[in-house]
Amino acid sequence: MSAKWLLFLRSFLFAILTHLAAFSTPIHKAPALNGTNVDRLALLAIKSMIKGDPQGLLTSWNHSSTNFCQWQGVTCSLQHQRVTHLNLASGGLMGTLSPSVGNLSFLRVIQLFNNSFSSEIPPEIGRLFRLRQLRLVYNSFTGNIPATIMNCSNLQVLKLGNNNLVGKIPNEIGHLFRLQELWLYKNSFTGNIPAAIMNCSNLQVLDLGLNNLVGKIPDGIGSLSMLSYLSLYDNILQGGIPNEIRRLFRLQTLDLYNNSFTGNIPATIMNCSDLQVLDLGHNNLVGKIPDGIGSLSNLHFLDLGSNNLVGNILSIPPTVHWLVLRDNNFGGKLPSLTNGSALIILDLSNNYFVGSLHNLVSSNGVKKTKYLSLGYNKLSGVIPECWEKWSSLVLLWLSDNYLSEVQVLDLADNNLSGNIPRCFNNFSVLSSMETNLEVELSFYLEDRTFLVGDELVMKGQEATYRSFLGLVMLLDLSSNKFSGQIPSELTTLHKLKSLNLSRNQLTGEIPNKIGDMKSLESLDLSVNNLSGELPMSLSELNFLGTFNVSYNNLTGRVPTGTQIQSFNEASFFGNKLCGAPLTNDCVHADKPDTTSDQKEDGGSHKVDWGLIISIALGFITGFWVIVVSLMLNRSRRITYFRLLRKLIKV
């Protein structure tokens, strides 16, 4: 039996070895085990799921070409000829990202930003343990951040901003200890900021802006000592600004705009000596601006607008380019600008500043200022005439200048008095002397573009203008105490679209040439003391959408025109006007006004003795001049009688 079993065992082992030998050679030669073929097939699978390629980036990606390392957007390692970089950025590609991307095991950089990829980020990316950069910003990826991405332990840059990602930011992101940049802005993430992110001690950039995050800034934020860029703007975060921020010595940008932060601005923020951008606008902060903020010598963007801050503003740091303090409770006199000021944008509107404009207007550091907003304060006094110093100004709220590019002049709702300045003809854009109207109304700073905007009253409605503010041509002097006549120079502003002089103490007549302002879409002269008749040239304003001259002392007929007759009676109330669209007809237009005729002609029922006496004197004088000349001159007398005989014979 033992011999038989031994023979059977030998036969069985031989059969096993035969089968192994038969299959060993094909398995060894299978393409699946060839790394380069794996990469080639993975790239073709990625191409197969891209449905749109308007720039033809993937034209070279085809089955006939075996050297995939020369395909556009593909970079391989020299030693192994394996794909290390995949760069298809800004190609307009449309489709989904194939799970086969996880087979590119040597991949270190993926750049697919600025395309139209949709659907979810494939979890197979978590197999790329060599991956260092994943840049998928400006696409339409949906779903959650795949949890498997935390297996990419060498990841240094993770950019998923400007997509449609949802859910919570995973806590496991704190395991990416080599992470230097985390960009998750402009998605729909919810929940709290994970405290685990504070474990990423190499983090230099943290941008979670434009999401729906709640809660507080996590404790331990000060441990991110390498952080230079912290942006949490446009979320629903609350609580105080942590004092730990003082430990972020390398911080250059702190953007907490449009949240619900409360409390004071921590004075320790002055320890961040490299700070260039400080944006705390649109929160619920209280108290004063910390002393020493001017010591931040690198600061050039400061937005503290729309809070509940108080105090006086004595000076403006000379390094600041952009200063927004609007919608607070600041008071006192306006600050001045020092020589060498780099200020481009200054917005102090909707506060409680008092006194004259002269302190600011007479400053020497205003040559670079392009945007000035001082509306809705308690300013008073006379507006200075034509300021030559503000030569760069483009948008102007509450000022008058000797400028060439002013498009918006808004002095509404103050206590300004005196006459309206007469230098409007110097506004060459408004007067159409300047043909280049493409004024740049945005401000670029640290990878973000800030649009200049404000709330303006156009066509009787208040609206916020941002991207279209460059198209606005507005002059608003309403709700002040201006007196005197409307300057005739105003009518030279042929490109002006909106003119509002309502609620002042203006007198005299409306300028006859107001019809020259043919671009006007809105004209409001109501609640003044204007007199006389409405100029006939008003009928030439064919673009008027809003018109109001109510509550003045105007008289006479309403001019006939396509636009004027389209307004209702409310636009003319409080005057002594007549004619369409008013219900009271102009009587003197249909029946002769005998009273006025009598005044002009001296009365039709009275003898005009002056006329009779003049005729008699003329006759007597002429008669005696002829008779005397005939009596004294014999030759003339003979000639006269000869002529008389000839006439009788005829």
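So, here is what we can say about the structure in this document. These numbers were taken from a predicted model, which means no experiment stands behind them.

**Some remarks on the overall build of the chain**
Counting its secondary structure elements, the chain contains 7 helices and 44 strands. Every one of the 650 residues in the chain was classed for burial, and the buried ones make up 47%. Long-range contacts, defined here as pairs at least 24 residues apart, represent 48% of the contacts in the chain between residues at least 6 apart. Surface accessibility of the chain: about 32,100 Å² in total, with carbon and sulfur atoms responsible for 54%.

**With respect to the layout of surface pockets**
For the second largest pocket, the calculated volume is near 370 Å³. Lining the second largest pocket are 20 residues, and of these Ile-289, Ile-293, Asn-312, Ile-313 and Ser-315 sit closest to its centre. Of all the elements, strand β22 (residues 308–312) adds the most residues to the lining of the second largest pocket, at 3 residues. Partitioning the lining of the second largest pocket into residue classes produces 13 nonpolar, 5 polar and 2 charged.

**Here's the deal with the pattern of salt bridges**
The tally for this structure, following the rule as stated, stands at 5 salt bridges. Its salt-bridge partner being Arg-247, residue Glu-244 comes within 3.5 Å of it at the nearest N-O pair. Taking the shortest distance from any N to any O, the salt bridge between Arg-326 and Asp-347 comes out at 3.4 Å. Of this pair, Arg-326 sits in the loop between β23 (322–324) and β24 (329–332) while Asp-347 sits in strand β25 (residues 345–347), and the two are 21 residues apart along the sequence. Each of Arg-326, Asp-327 and Asp-347 takes part in a single network of salt bridges with overlapping partners.

**Quick notes on the nonpolar core**
Among the nonpolar cores identified, the biggest contains 100 residues, and Leu-43 and Leu-134 are the most heavily contacted of them. When residues of this core are traced back to their parent elements, those giving at least two are α2 (35–48), β2 (74–76), β3 (83–87) and α3 (358–361). Of all the elements, α2 adds the most residues to this core, at 4 residues. Excluding residues that lie within four positions of it along the chain, Leu-43 makes contacts with Trp-61, Phe-68, Trp-71, Val-74, Val-83, Leu-86 and Leu-104. One finds Phe-482, Leu-523, Leu-534 and Phe-572 within the second-largest nonpolar core, a separate group that totals 30 residues.

**A short note on the state of the cysteines**
Within the structure shown, the criterion is met by 2 disulfides. Through a disulfide, Cys-69 is tied to Cys-76; the S-S separation comes to 2.1 Å. Where Cys-69 bonds to Cys-76 through sulfur, the torsion about that S-S bond is close to -95°, and the disulfide is left-handed. For Cys-69, a relative accessible area of 17% gives the class buried. Looking at Cys-76, the relative accessible area reads 15%, which means it is buried. Each sulfur in the disulfide pair Cys-578 and Cys-586 lies 1.8 Å from the other. Residues Cys-578 and Cys-586 are joined by a disulfide whose S-S torsion is about 105°; by sign, that bridge is right-handed.

**Some words on unusual backbone geometry**
Cis geometry marks the peptide bond from Ala-580 to Pro-581, where omega comes out at 10°. In this structure, Ser-306 is a non-glycine residue whose phi angle is positive, near 60°. Along the chain, Ser-306 falls in the loop between β21 (301–303) and β22. Positive phi, close to 60°, is recorded for Tyr-551, a residue that is not glycine. Positionally, Tyr-551 belongs in the loop between β42 (546–548) and β43 (553–557).

**A short note on the packing of aromatic side chains**
Within the structure shown, the criterion is met by 8 aromatic pairs. With 5.7 Å between their ring centres and 50° between their planes, Phe-547 and Phe-572 make a pair best called tilted. Of this pair, Phe-547 sits in strand β42 while Phe-572 sits in the loop between β43 and β44 (576–578), and the two are 25 residues apart along the sequence. For Arg-130, the ring lying beneath its charged end belongs to Phe-106, and the centroid distance is 4.0 Å. Over the face of the ring belonging to Trp-183 we find Lys-159, whose NZ or CZ atom lies 4.6 Å from the ring centre.

**Some points on the pairing of strand β37 (residues 481–484)**
Burial of β37 is one-sided: the residues Phe-482 and Gly-484 facing one way are buried, the residues Lys-481 and Ser-483 facing the other way are not. With 2 bridges joining them, β37 and strand β39 (residues 505–508) adopt parallel strand pairing. Paired with Ser-483 across the two strands is Gln-505, which belongs to β39.

**Some details on the side chain of Arg-40**
Along the chain, Arg-40 falls in helix α2. Once you skip the residues sitting within four places of it in the chain, Arg-40 turns out to touch Asn-62, His-63, Ser-64, Ser-65, Thr-66, Phe-68 and Trp-71.

**Side note on the pairing of strand β16 (residues 236–240)**
Note: strand β14 (residues 212–215) against β16, 2 bridges, orientation parallel. Paired with Gly-215 across the two strands is Leu-237, which belongs to β16. The sheet contact formed by β16 and strand β18 (residues 260–264) spans 3 bridges and is parallel. By the bridge assignment, Gly-240 is partnered in β18 with Thr-262.

**A look at α2**
In an α-helix, one turn spans 3.6 residues; hence positions three or four apart end up facing the same way. Compared with the 20 Å implied by 1.5 Å per residue over 14 residues, the 20 Å span of α2 between its first and last C-alpha is a close match. When we look at burial in α2, the residues that qualify are Asp-39, Arg-40, Ala-42, Leu-43, Leu-44, Ala-45 and Ile-46. Structurally, α2 contributes buried residues whose contacts are with β1 (50–52), β2 and β3.

**Considering the environment of Ile-121**
Mapped onto the secondary structure, Ile-121 falls in the loop between β6 (116–120) and β7 (133–135). Remark: the alpha-carbon pair of Ile-121 and Ile-149, spanning 28 residues in sequence, is separated by 9.7 Å. Leave out the neighbours within four places in its chain, and Ile-121 touches Leu-136, Phe-141, Thr-142, Pro-146, Leu-160 and Leu-165.

**Focus: the environment of Asn-243**
Assignment of secondary structure puts Asn-243 in the loop between β16 and β17 (253–255). The exposure class assigned to Asn-243 is partly exposed, which follows from its relative accessible area of 45%. Expressed as a C-alpha distance, the spacing of Asn-243 and Ala-267, which sit 24 residues apart in the sequence, is 8.4 Å. Beyond its immediate stretch of four places on either side in the chain, Asn-243 contacts Pro-266 and Thr-268.

**So, a nonpolar patch on the surface**
A surface patch of nonpolar side chains, about 280 Å² in accessible area, is lined by Val-527, Tyr-551 and Phe-573. Looking at where Val-527 falls in the secondary structure, it is placed in the loop between β40 (522–524) and β41 (529–533). Given a relative accessible area of 32%, Val-527 falls into the partly exposed group.

Cut-offs and rules
Residues numbered from 1 in each chain as written. Predicted model: local features only at pLDDT ≥ 70, side-chain atom pairs only at ≥ 80, totals over all residues. Heavy atoms only, no water. Helix = DSSP H or I, 4+ residues; strand = E, 2+ residues; numbered from the N terminus. Buried < 20%, exposed > 50% of the residue type's maximum accessible area, 1.4 Å probe, protein only. Contact = heavy atoms within 4.5 Å. Areas by Shrake-Rupley, 256 points an atom, 1.4 Å probe, with all protein chains shown as cover. 1 Å grid on protein atoms, 1.4 Å probe; cavity = no way out; pocket = protein on both sides within 12 Å on 5 of 7 lines; lining within 4 Å. Points joined across faces, edges and corners; volume = space filled by probe spheres on them. Nonpolar A, V, L, I, M, F, W, Y, C, P; charged D, E, K, R; others polar. Salt bridge = Lys/Arg side-chain N within 4 Å of Asp/Glu carboxyl O. Core = buried A, V, L, I, M, F, W, Y, C linked by side-chain atoms within 4.5 Å. Disulfide = S-S within 2.5 Å. Phe/Tyr/Trp six-rings, centres within 6.5 Å; stacked < 30°, edge-to-face > 60°. Lys NZ or Arg CZ within 6 Å of the ring centre and 35° of its normal. Pairing = 2+ DSSP bridges. Expected span 1.5 Å × (residues − 1). Patch = residues over 30% accessible without salt bridge, like charges linked within 9 Å, V, L, I, M, F, W, Y side chains within 5 Å.

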